[in-house]
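Geometric and topological summary
Each chain, written out:
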Amino acid sequence: MAAAAATSFSISTASSSSASSSKSLKSSLASNLGFLSSSAASLKPLRAKTAVSAGGSSSGGAMAAKMVSAPAAVVKAPASFDFETSVFKKEKVTLAGNDEYIVRGGRDLFKYLPDAFKGIKQIGVIGWGSQGPAQAQNLRDSLAEIKSDIVVKIGLRKGSSSFAEARAAGFTEENGSLGDIYETISGSDLVLLLISDAAQADNYEKVFSHMKPNSILGLSHGFLLGHLQSTGLDFPKNISVIAVCPKGMGPSVRRLYVQGKEINGAGINASFAVHQVSSNAVALLSFPQAISFIFNLTCDAFYYLQDIDGRATDVALGWSVALGSPFTFATTLEQEYRSDIFGERGILLGAVHGVVESLFRRYTENGMSEELAYKNTVECITGIISRTISTKGMLAVYNSFTEEGKRDFEAAYSASFYPCMEILYECYEDVAAGSEIRSVVLAGRRFYEKEGLPAFPMGKIDGTRMWKVGERVRATRPAGDLGPLYPFTAGVYVALMMAQIEVLRKKGHSYSEIINESVIESVDSLNPFMHARGVSFMVDNCSTTARLGSRKWAPRFDYNLTQQALVAVDNNAPINRDLISNFLADPVHGAIEVCAQLRPTVDISVPADADFVRPELRQSGN
């Protein structure tokens, strides 16, 4: 049996006495339990490091002047995760002075999938929501391209209306690629649990009970870990737990995979993780977990990876390559769910919703026509700003303006940065504390009649004046029109993006995660779909977790901008020159440029009738 993966983190500096006692304890445990040294070659699949500047503070913290999350001395530096793979080529990239590690994708790597998936005969894809259809089809097509005999099987609830859509995509009961959810789980070596977050919270016990011992649970979101943590639980110890999390919604994952067939691939970047367990109860570890057990000398905490037989990292990377990810970077499930749920409530959806509502109202109140106001808000952000950031970066947006346009940008940026950061910081804290996860679980239960109370499903937002104007604008929009580049809107949006980057940076996330979660997923995945169908359509039809988050947090961004940022502009508040200088010199721009060089040459193509409505919404008309 191969030794399982091991992880250690180094986030804060330990005192010499604690380090000494940790070393003594490590030596004692290794002697008594027969643990291998964590420095052994077989125990290096994943190591998390932090990058700290010479002064001891986190690098890239250019806009810390008013950041109140923690004193500078204890701010976490961006993590840099290292890992070992025996199948794929690992590369080092330097982002804002921090060394990070990735695996590039490409169809030329499909030939390595049999090695990555060694021992796996069936991959069960559970659910047919946003990610399910895309991931199942991409996996099936990638494996078919190399003539693999691994079966990709869809598992659905009996009577689910999604059976028809799965059959239409080529999955059938007759060829063994479609069946009941729990029969599929019981028969699969790798179970990809892609049902909704709320459904995972309500059904995880039954799911776990049907999994084969030594099988692998695959997640595309860390939500379930967050829910388990909030109840004092964790995953069963007789399975491996991994995650591959595409930094875009399912339709983008599939559309770019299909578009990239002729150019050795195009797709959505993904993070991967092997579940990292912290335990003070060493005696409870099974022997394979004891083999992988290590602990963090600087934090005096015990860690092991939930990797039963040492295959988890290669299986996760194989899964990501088969999905078509241009590059895959390492994270932890905890870091993933924090950045992802936070991002949905921030620049990916909730904050954009709030920003455009606030600015549309301001522009029309100041005499701008409704159609032009819509173009200068929604069309500007989802079109030309997103395309420019995607291909050239944020500085290119600023540098494209005249001197007068730059002054308007700076006024908007200066006034909006801290009002946006205030809400983003609060939102991150709520996610980290488990409040947002509990909110999603409880809301999901309110959708159905319970305890004599009526059901309260979510309504739509698309009936208000602004979104009706948007329908008219899109109906007459010339093909390929990306909208106007309006300086004030650009200043607000870029301030929002930089504020989100700064919060994640202060919370210790890696630059790979920060850039993918705050920039790439926004401008390369969600915004193109919103340009095609409108922000309101996305808010009404995306995942339940994101829909709930947008409804809760969008008004907060709207009100904070209206009550603080716009009032400051109207009062001719002086521009904060330090903020502008810090923006222009921030090292994140160079990091984004490096990530852009790893980007496929294909831009996502989203027609005006692009369908990303989840099946359950299509059936209910909601």
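Below is a short write-up of the structure. (Residues numbered from 1 in each chain as written. Predicted model: local features only at pLDDT ≥ 70, side-chain atom pairs only at ≥ 80, totals over all residues. Heavy atoms only, no water.)

**Comments concerning the overall build of the protein chain**
- Along the protein chain, the regular secondary structure elements total 24 helices and 15 strands.
- For the protein chain, the residues scored as buried account for 59% of the 622 residues in total.
- Considering only residue pairs separated by 6 or more positions, the protein chain has 83% of its internal contacts joining residues 24 or more positions apart.
- When the accessible surface of the protein chain is totalled, it reaches about 23600 Å², and 51% of it is carbon and sulfur. (Helix = DSSP H or I, 4+ residues; strand = E, 2+ residues; numbered from the N terminus. Buried < 20%, exposed > 50% of the residue type's maximum accessible area, 1.4 Å probe, protein only. Contact = heavy atoms within 4.5 Å. Areas by Shrake-Rupley, 256 points an atom, 1.4 Å probe, with all protein chains shown as cover.)

**Some points on the pairing of strand β9 (residues 216-219)**
- Along β9, one buried face is formed by Ile-216 and Gly-218 and the opposite face, lined by Leu-217 and Leu-219, is buried too.
- As paired elements, strand β8 (residues 190-193) and β9 share four bridges and run parallel to each other. Bridge assignment links Leu-192 to a residue of β9, and that residue is Gly-218.
- Crossover handedness for the path β8 to helix α6 (residues 197-210) to β9: right-handed.
- Pairing between β9 and strand β10 (residues 240-246): four bridges, direction parallel. Bridge pairing in β10 links Leu-217 to Val-241. (Pairing = 2+ DSSP bridges. Right-handed = clockwise from strand over helix to strand, strands pointing away.)

**Some words on the pairing of strand β11 (residues 270-274)**
- Taking burial as the measure, the five residues of β11 include five buried ones, the bulk of the element.
- The alternating pattern of β11 places Ala-270, Phe-272 and Val-274 on one face and Ser-271 and Ala-273 on the opposite face, and all of these are buried.
- As paired elements, β10 and β11 share five bridges and run antiparallel to each other. Its bridge partner lying in β11, Pro-246 is registered against Ala-270.
- The pairing of β11 with strand β15 (residues 327-330) spans three bridges and is parallel. Within β15, the residue paired with Phe-272 across the bridge is Ala-330.

**Overview of unusual backbone geometry**
- Positive phi, close to 60 degrees, is recorded for Lys-147, a residue that is not glycine.
- You can see Lys-147 is positioned in the loop between α3 (131-145) and β6 (151-156).
- For Asn-572, which is not glycine, the phi dihedral falls at a positive 55 degrees.
- Structurally, Asn-572 is set in the loop between α21 (544-570) and α22 (577-585).
- Taking relative accessible area as the criterion, Asn-572 reaches 66% and is therefore assigned exposed.

**Digging into the pattern of salt bridges**
- The full count for this structure, using the stated rule, is 33 salt bridges.
- For Glu-84, the salt bridge identified is with Lys-90, shortest N-O distance 3.8 Å.
- Members of the salt-bridge network, linked through shared partners, are Glu-344, Arg-345, Glu-436 and Lys-552. (Salt bridge = Lys/Arg side-chain N within 4 Å of Asp/Glu carboxyl O.)

**Some points on helix α23 (residues 588-597)**
- Residues Val-588, His-589, Ala-591, Ile-592 and Cys-595 constitute the buried set of α23. Projected down its long axis, α23 shows its buried positions confined to an angular sector of 160 degrees, all on one face. Among the exposed residues of α23, those pointing more than 90 degrees away from its buried face are Glu-593 and Gln-597.
- If you follow the buried residues of α23, they end up packed against β3 (91-95), β15, α14 (394-399), α18 (487-506), α19 (511-533) and α22. (Arc of directions from axis to C-beta.)

**Structural notes on the packing of aromatic side chains**
- Going through the model one piece at a time under the given rule, you end up with 17 aromatic pairs.
- Between the aromatic rings of Trp-128 and Phe-171, the centroid separation amounts to 6.0 Å while the plane-to-plane angle is 75 degrees, which identifies the pairing as edge-to-face. Highlighted residues: Trp-128 in the loop between β5 (122-126) and α3 and Phe-171 in the loop between α4 (162-168) and β7 (178-180), separated in sequence by 43 residues.
- What makes Trp-128 buried here is its relative accessible area of 8%.
- The interplanar angle of 50 degrees and the centroid separation of 6.2 Å between the aromatic rings of Phe-327 and Phe-329 together place this pair among those described as tilted. Summarising the burial analysis for this pair, Phe-327 and Phe-329 share the class buried.
- Three or more aromatic residues link up through ring pairs in this structure, and these residues are Tyr-398, Phe-401, Phe-409, Tyr-413, Phe-417, Tyr-418 and Phe-583.
- Sitting over the ring of Tyr-101, Lys-90 keeps its end group 5.0 Å from the ring centre. (Phe/Tyr/Trp six-rings, centres within 6.5 Å; stacked < 30°, edge-to-face > 60°. Lys NZ or Arg CZ within 6 Å of the ring centre and 35° of its normal.)

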